[in-house]
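Spelled out from the first residue to the last, the chains are:
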Amino acid sequence: MSTENHHRDDRDRRERPKSAAAEPAPPSLVPPPNALPPVRHPDAPAPGELLGSHYDHCFGCGEGQPHGLHLQARAGDGVTITAEFTVQSAHQGAPGLAHGGVLATALDETLGSLNWLLRVIAVTGRLETDFVRPVPVGTVLFLQAEITAVAGRKIYSRAQGRIGGPDGPVAVRAQALFIEVKVEHFTENGRADEIRAVMSDPDQIRRVRAFEVNP
Ligand SMILES: CCCCCCCCCCCCCC(=O)SCCNC(=O)CCNC(=O)[C@H](O)C(C)(C)COP(=O)(O)OP(=O)(O)OC[C@H]1O[C@@H](n2cnc3c(N)ncnc32)[C@H](O)[C@@H]1OP(=O)(O)O
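Since we're looking at a predicted model, the values are computed, not measured.

1. Focus: the site of the ligand
1) Next: Lining the immediate environment of the ligand, one finds 18 residues, of which T124, G125, R153, K154 and H185 sit closest.
2) Next: For the ligand, an oxygen atom lies 2.6 Å from a polar atom in the side chain of K154.
3) Next: In isolation the ligand offers 1,300 Å² of accessible surface; the protein chains occlude 55% of this area.
4) Next: Elements with a minimum of two residues in the shell around the ligand: β3 (122–131), β6 (170–180) and α3 (184–187).
5) Next: No other element matches β3, which puts four residues into the shell around the ligand.
6) Next: Among the residues forming the shell around the ligand, the class breakdown is eight nonpolar, six polar and four charged.

Okay, structure coming up:
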């Protein structure tokens with residue numbers, strides 16, 4: 001068998017589980033026995049609604065970041081999100097291909113958006129990413145994410161990104177653990193200039209998503 005066929009076989013094997021559900025997770029990403037299914041908050045954005053950016057300068061979703069991802073996330077049914085991100089020239093790693101860290105950012109941003117459906121503020125504690133196919137510049141990455149379980153402050157989730165259309169082949173996927181935090185996580189750790197700016201211009205943090213944040 002040729003090397004090329006070997007590669008194709010490897011890729012097909014890695015891709016076989018169409019849902020990230022079939023992927024074995026490392027122990028810290030497996031919900032404990034006392035974990036509960038996620039509960040969509042009654043005031044969560046309606047299915048189909050665009051979430052908008054949570055912070056104008058966010059590298060993932062902010063409109064004020066010229067080289068950011070400008071990722072657009074939309075609420076889905078249950079505790080799910082869909083999102084789209086077009087790979088720009090500024091996002092290259094290898095010539096003409098998306099940088100892996102940028103793709104991980106797209107997954108992280110999409111997974112982070114899920115927490116707004118719970119109306120919980122949470123940060124990424126652990127993010128495990130599989131890069132399955134190269135993603136050329138100009139590609140639209142179609143992302144889907146869902147929360148699988150909640151255990152106290154720990155929120156378990158997974159996501160995948162497809163190319164060529166929402167039902168195209170999987171290019172990247174991730175499993176994550178987000179940890180619920182209080183707003184002081186940001187106000188006590190963020191650089192003073194940005195925190196002051198946010199406090200004096202609350203529109204920088206979109207109220208629609210920052211339900212608990214009242215700068
Ligand atoms: C005013 C402005 C407001 C702005 C609001 C805008 C919001 C937008 C947000 C958008 C953000 C966008 C997204 C981003 O970009 S988020 C940016 C990237 N993430 C971070 O910067 C987070 C940095 N880490 C921390 O701050 C702390 O470590 C956290 C808060 C995460 C936990 O420290 P804390 O002291 O609080 O908790 P704990 O240590 O008692 O752990 C609690 C439980 O969790 C388990 N655990 C923890 N870590 C891991 C791990 N790595 N793997 C496996 N498990 C882990 C731990 O075992 C324990 O389990 P158990 O023993 O209970 O079973």
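2. Considerations on the state of the cysteines
Where two cysteines share a covalent bond between their sulfur atoms, that bond is called a disulfide.
1) Next: For the structure shown, the criterion picks out zero disulfides.
2) Next: The cysteine C58 is free of any disulfide, with C61 supplying the nearest cysteine sulfur at 3.8 Å.
3) Next: Of the residues examined, C61 reaches a relative accessible area of 6% and is grouped as buried.

3. Quick look at the pairing of strand β1 (residues 72–75)
Within a regular beta strand, the side chains point alternately toward one face of the sheet and then the other, so they alternate between its two faces.
1) Next: Side chains of β1 alternate between two faces, with A73 and A75 buried and Q72 and R74 left unburied.
2) Next: In this sheet, strand β2 (residues 80–86) lies alongside β1 in antiparallel orientation, the contact comprising four bridges. Counted as the bridge partner of Q72 is E84 from β2.
3) Next: Taken together, β1 and the strand that follows it, β2, pair antiparallel across an intervening segment of four residues, in which G78 is found at a positive phi of about 60 degrees.

4. Some words on the pattern of salt bridges
A side chain with one charge can pair with a side chain of the opposite charge if their charged atoms come near.
1) Next: Scanning the model with the defined rule gives six salt bridges in all.
2) Next: The shortest N-O distance in the salt bridge between D43 and R119 comes to 3.9 Å. Of this pair, D43 sits in the loop between α1 (3–15) and β1 while R119 sits in the loop between α2 (100–118) and β3, and the two are 76 residues apart along the sequence.
3) Next: Residue R126 is joined to E128 by a salt bridge in which the shortest nitrogen-to-oxygen separation is 3.3 Å.
4) Next: Its relative accessible area of 28% is what places E128 among the partly exposed residues.

5. A short note on the nonpolar core
1) Next: Ranked by internal contacts, the top residues of the largest apolar core, which has 36 residues, are L71, F85, L111, L141 and L143.
2) Next: Those elements giving two or more residues to this core turn out to be β1, β2, α2, β4 (140–151), β5 (154–163) and β6.
3) Next: It is α2 that contributes the most residues to this core, eight residues altogether.
4) Next: Ranked by size, the runner-up nonpolar core spans six residues in total, among them L29, A149, A151 and Y156.

6. Notes on the confidence of the model for the protein
1) Next: In the predicted model, the protein carries a mean pLDDT of 88, and 83% of its residues have values of at least 70.
2) Next: Predicted confidence is poor over residues 1–5, with pLDDT under 50, and the contacts of this stretch with residues over four places away or in other chains come to two contacts.
3) Next: Note that pLDDT drops below 50 for residues 16–21; the model gives that stretch eight contacts with residues more than four away or on any other chain.
4) Next: We note a pTM of 0.89 for the whole complex and an ipTM of 0.96 for its interfaces.

So, how was this worked out
- Residues numbered from 1 in each chain as written.
- Predicted model: local features only at pLDDT ≥ 70, side-chain atom pairs only at ≥ 80, totals over all residues.
- Heavy atoms only, no water.
- Near = heavy atom within 4 Å.
- Polar contact = N/O pair within 3.5 Å; in protein donor to acceptor, adjacent residues only side chain to side chain.
- Areas by Shrake-Rupley, 256 points an atom, 1.4 Å probe, with all protein chains shown as cover.
- Helix = DSSP H or I, 4+ residues; strand = E, 2+ residues; numbered from the N terminus.
- Nonpolar A, V, L, I, M, F, W, Y, C, P; charged D, E, K, R; others polar.
- Disulfide = S-S within 2.5 Å.
- Buried < 20%, exposed > 50% of the residue type's maximum accessible area, 1.4 Å probe, protein only.
- Pairing = 2+ DSSP bridges.
- Salt bridge = Lys/Arg side-chain N within 4 Å of Asp/Glu carboxyl O.
- Core = buried A, V, L, I, M, F, W, Y, C linked by side-chain atoms within 4.5 Å.
- pLDDT = per-residue confidence, 0-100.
- Contact = heavy atoms within 4.5 Å.

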